[in-house]
Each structure stands twice: as structure tokens, then as C-alpha cells.
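# Fold and geometry: a report
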Amino acid sequence: MHRRFFLQFAAAASAAAPQPAASQTAQPPVVLTGDGLSLTPAEYASLLTAIAAKPSFRRDQYLRNGPVEELEHAVATLLGKERALFLPTGTLANHLAVRILAGESRKALVQAESHLYRDEGDCAQLLSGLNLVALGPGRTTLTADEVAKAVDEAAGPPYPAPVGAISIESPVRRTDGQVFDFDEMKRICAYARGKQIGTHLDGARMFLAAAYIGISPAQYAALFDTVYVSMYKYFNAPFGAVLSGPASLLARIEPLRHQFGSLIYQGWESAAVALHHFDGFSERYQTAVRNGETLFQLLQASGKFRIERVPAGSNIARLRLDSGGSLDQLRDRLANAGIRIGAARGAGVANVQINETINRRPAEEIANAFISAAA
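What counts and what doesn't
Residues numbered from 1 in each chain as written. Predicted model: local features only at pLDDT ≥ 70, side-chain atom pairs only at ≥ 80, totals over all residues. Heavy atoms only, no water. Helix = DSSP H or I, 4+ residues; strand = E, 2+ residues; numbered from the N terminus. Rg over C-alpha atoms; globule rule 2.2 N^0.38 Å. Buried < 20%, exposed > 50% of the residue type's maximum accessible area, 1.4 Å probe, protein only. Contact = heavy atoms within 4.5 Å. Areas by Shrake-Rupley, 256 points an atom, 1.4 Å probe, with all protein chains shown as cover. Salt bridge = Lys/Arg side-chain N within 4 Å of Asp/Glu carboxyl O. Pairing = 2+ DSSP bridges. Axes fitted to C-alpha atoms, helices over the stretch in contact; angles between N-to-C directions. Arc of directions from axis to C-beta. Phe/Tyr/Trp six-rings, centres within 6.5 Å; stacked < 30°, edge-to-face > 60°. Right-handed = clockwise from strand over helix to strand, strands pointing away.

### Notes on the overall build of the protein chain
If you tally the helices and strands in the protein chain, you get 15 helices and 13 strands. In terms of overall size, the protein chain behaves like a compact globule, its C-alpha atoms giving a radius of gyration of 22 Å where 375 residues would be expected to give roughly 21 Å. Summarising its shape, the C-alpha atoms of the protein chain cover approximately 70 × 55 × 30 Å along the three principal directions. By residue count, 52% of the 375 residues in the protein chain fall in the buried class. Taking as baseline every contact in the protein chain between residues at least 6 positions apart, the subset at least 24 positions apart corresponds to 75%. Accessible surface, the protein chain as shown: approximately 16300 Å² in total, 52% of it carbon and sulfur.

Here is the structure:
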């Protein structure tokens, strides 16, 4: 189904576009940057038109009914949670989850490199009066011992201010997709339950990690009270997040969604696209991971490239050009072959991210394009 839609998109976009430049290729684009398909506006429009034409389709109103509720149900079911709630952004999902979990104990433990601490504009502090205590600077994984120490210090004399919530992000964007150690995660969550401290998982990219480490999203979700998953990163929606957890807790978050200005009139445009790609994603992405491993092996064997894997990593690897050529020249030549790679991360080094676009062409063909571009 996805290949059929892609071919329809490509045909529609080609008909509407200006005549191609000499560098443009008819080959399906392989976009080794970002986590998703990098759909164009024309491709979004074509997909939405096809979805909306189905006899069973009905749109939502104020995020009720239609694809929004279908998506919420699908995510909650897969993660083994009672209920899920659609929100416009992951920033809001993280914020409201930790706010409700913390309750009157306004202190929350977070990773120093987490999105909640580094990339959300201090919204939890400014808008909800939360005190985020950052642990483990420069690291992805926190230990249960350091968490316990922080909890004990917060509750100790002379002025106790107990910890109400613990938030963990995995994989972590700021550490190039490193995955939090699962055994340590289990120990932290078990400790938190014993102390009646709420736990939240920023699992924006956890479906990607699952294909690399063999731990399912449901296994991750079972450890935490609440779990957030991004809908735009690799489910290819234009925006959106789904927060799942106990029905009683999400019932308290639902009015906050309105109060924070996020009860949008319609969310079907995002939910329908995400739902379309949610179905069968894990199987397709496992194929992408296998194709990515084949590509990396071929590039390494060519002698022109070195692949540097991120320790405890997921879908991001570093490509080092060992042939003495120019990375900019390599990028331009690859672009002429319909392949995109990330920006330079140093002399002769660029990030390569494995996503579903790698399934559009054989790994051997992609590798040959890299090797030819490095000549």
C-alpha cells in the first residue's frame, strides 16, 4: 500500500512541478536525514485526498471521533494502556504528564540531556511551577543509585521538598539517538513505584529503538505511568503527539489540553496520516534496519568509508569519508543520484539516519551510488 501511494505521489508531484534540472533523478528519493519519509506538501495532499475519499471516513470535531479517536485507541492498545490522548505537540505531552504525575510534590527528576529539560523553553517551570532537577549531564542513562540519592536528598532535612515525578527520555536526541539502559530503567521504575513517585517516558522515538534493541514499545510502556509517542517524526504526520496512561490520569489532563490552548477544532489531517503509517510500521522499519545494516557493511568494505556507530545507539550512525575527497562534493553527487545525507559533523564526517526511505531502493544500489560519488 505504501509503495502504491508513493508512486501516486511521485506522479502527481512530477506533473505539477517545473521541468527538472539536469541534476534531478527519476529514482525514488532516499533521504538519510531525519526519522521519517520527508513527505512533500503534494504527497501529504494526495494521501489525505485518498484517505478522505474512503466511504468510512469521518472527520473529528474538537478532537473527538474520526481518525483522532481511532489513533488514540490504536496507540493505547499497542502500548497496553487504558487510554490515550492526542495533543498537538510532544512538548505539551511531556509537560502535562509530568505536571499531573508530580501533583503537589512539584519536584521532578529528569536527564540533563533530555528534551524536557533542554528543548522545551522551560515551559514546565514557567507554566506549571515545576522544579526540574537535572541528573547525568552528558549521559543518556541514569543509575537507580543516583536517582535514589536525589530522592533522599530532596526529602531530607532541614527543608524537605519531595520528588513527585521522574521523567526518562529514550532514545535521546541530544546524544544522537542513544538508548537508555533497559535494566537500569527497570530498576528506576521499580524504585519509583515503591516510593509512590510518578513515572513518565518521553518515548518520542521508541518505535525506532525497538527495532535495534529488540525491546518492544509495549515492554517499555509497561514500566511507566504515562508514555508519549511522536506522530510526526516517523509516522509522518504534519504535527501531533499521543500521550497514553491510566484513564483516570488522562481525564485530568484532558481539560488542561483546552486550557493550554490546544483543543484544536480538527486534528484529522494529522491523525489520519499517522494512523495510515502506524499500521505495519514495526515490520517495515525492521526491514529498513536490515537494509541499513547491509548498506553500512558494503560502505565499510569498500575502503572509502568508515561507519562509526553510536554506543548503545539506534538509527543514527556517523559516516566518515576515508577516500580523501570532499564531503560537500560527496553530498552533491549523492543528491544527483537522489540520495540525501546529513550536514557535516566535522572534517569528513556526516550523520546518516536510517528511516523507511531506504526501503525504496536496493541497499546494493544505494551503496554503489555512495562508492561512485566518492570516486
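Structure's up, so let's keep going.
### Re the pattern of salt bridges
Scanning all chains against the criterion turns up 19 salt bridges. One salt bridge connects Arg257 with Glu254, and the closest N-O pair in it is separated by 3.7 Å. One end of the pair is Arg257 and the other is Glu254, both in helix H11 (residues 247-259) and three residues apart, which spans about a single turn. In this structure Glu254 comes out as buried when scored by relative accessible area, which is 18%. Each of the salt bridges in this network shares a partner with another, and the network as a whole consists of Arg64, Arg83, Glu254 and Arg257.

### Concerning the sheet that holds strand S2 (residues 83-87)
Read across the sheet, seven strands follow the order S2-S8-S7-S6-S5-S3-S4 without closing on themselves; strand pairing throughout is mixed. Each edge of the open sheet carries a strand with a single partner, namely S2 and strand S4 (131-135). The average angle at which neighbouring strand axes cross in this sheet is 20°, direction not considered. Looking at chain direction, strand S6 (residues 198-202) and strand S7 (residues 226-230) are connected through three bridges and run parallel. Along S7, the bridge assignment pairs Leu201 with Val227.

### A short note on the sheet that holds strand S10 (residues 316-321)
An order of S9-S10-S13-S12 is seen for the four strands of this open sheet, with the pairing classed as antiparallel. Each edge of the open sheet is held by one strand with a lone partner, namely strand S9 (305-309) and strand S12 (344-346). Here the strands of the sheet are splayed against their neighbours by 35° on average, with no regard to which way each runs. Of the pairings in the sheet, the one linking S12 to strand S13 (residues 349-353) comprises two bridges and is antiparallel in character. Residue pairing for S13: Gly346 is matched across the bridge by Val349. Contacts from helix H13 (residues 281-301) reach S9, S10 and S13 within the one sheet, and its direction differs from that of S9 by about 135°.

### Considerations on helix H15 (residues 363-373)
Every buried residue of H15 is listed here: Ala363, Ile366, Ala367, Ala369, Phe370 and Ala373. With its buried residues spanning 155° around the axis, H15 presents them on a single face.

### Some points on the packing of aromatic side chains
Across all of its chains, the model carries 14 aromatic pairs by this definition. Cluster of aromatic residues (ring-pair linked, three or more members): Phe207, Tyr212, Tyr234, Phe235, Phe278, Phe281 and Tyr285.

### Here we look at the pairing of S6
Each regular strand carries side chains that alternate between the two faces of the sheet. Extensive coverage of S6 is indicated by the burial of five of its five residues. Of the two faces of S6, the one holding Gly198, His200 and Asp202 and the one holding Thr199 and Leu201 are both buried throughout. Direction of pairing for strand S5 (residues 163-169) relative to S6: parallel, over a ladder of five bridges. If you follow Ile166 over to S6, its bridge partner there is Thr199. Chirality of the crossover, the property in question, places the unit of S5, helix H8 (residues 182-194) and S6 among those that are right-handed.

### Notes on the environment of Phe305
Within the secondary structure, Phe305 sits in strand S9. Owing to a relative accessible area of 2%, Phe305 belongs among the buried residues under this scheme. Taking the C-alpha atoms as reference points, Phe305 and Ser323, 18 residues apart in sequence, are found 7.0 Å from one another.

### A closer look at the environment of Leu85
Tracing the backbone shows Leu85 in strand S2. Spatially, the C-alpha atoms of Leu85 and Leu243 are 5.2 Å apart, while their sequence positions differ by 158 residues. Contact partners of Leu85, with chain neighbours within four places excluded, come to Glu72, Ala241, Val242, Leu243, Leu250, Ile253, Glu254 and Arg257.

### Some details on the pairing of S7
Counting buried residues along S7, five of its five residues qualify, which places the element largely inside the surrounding structure. Burial of the side chains of S7 extends over both faces: Thr226, Tyr228 and Ser230 are buried on one face and Val227 and Val229 on the other.

Taken by themselves, the reported measurements are silent on function.
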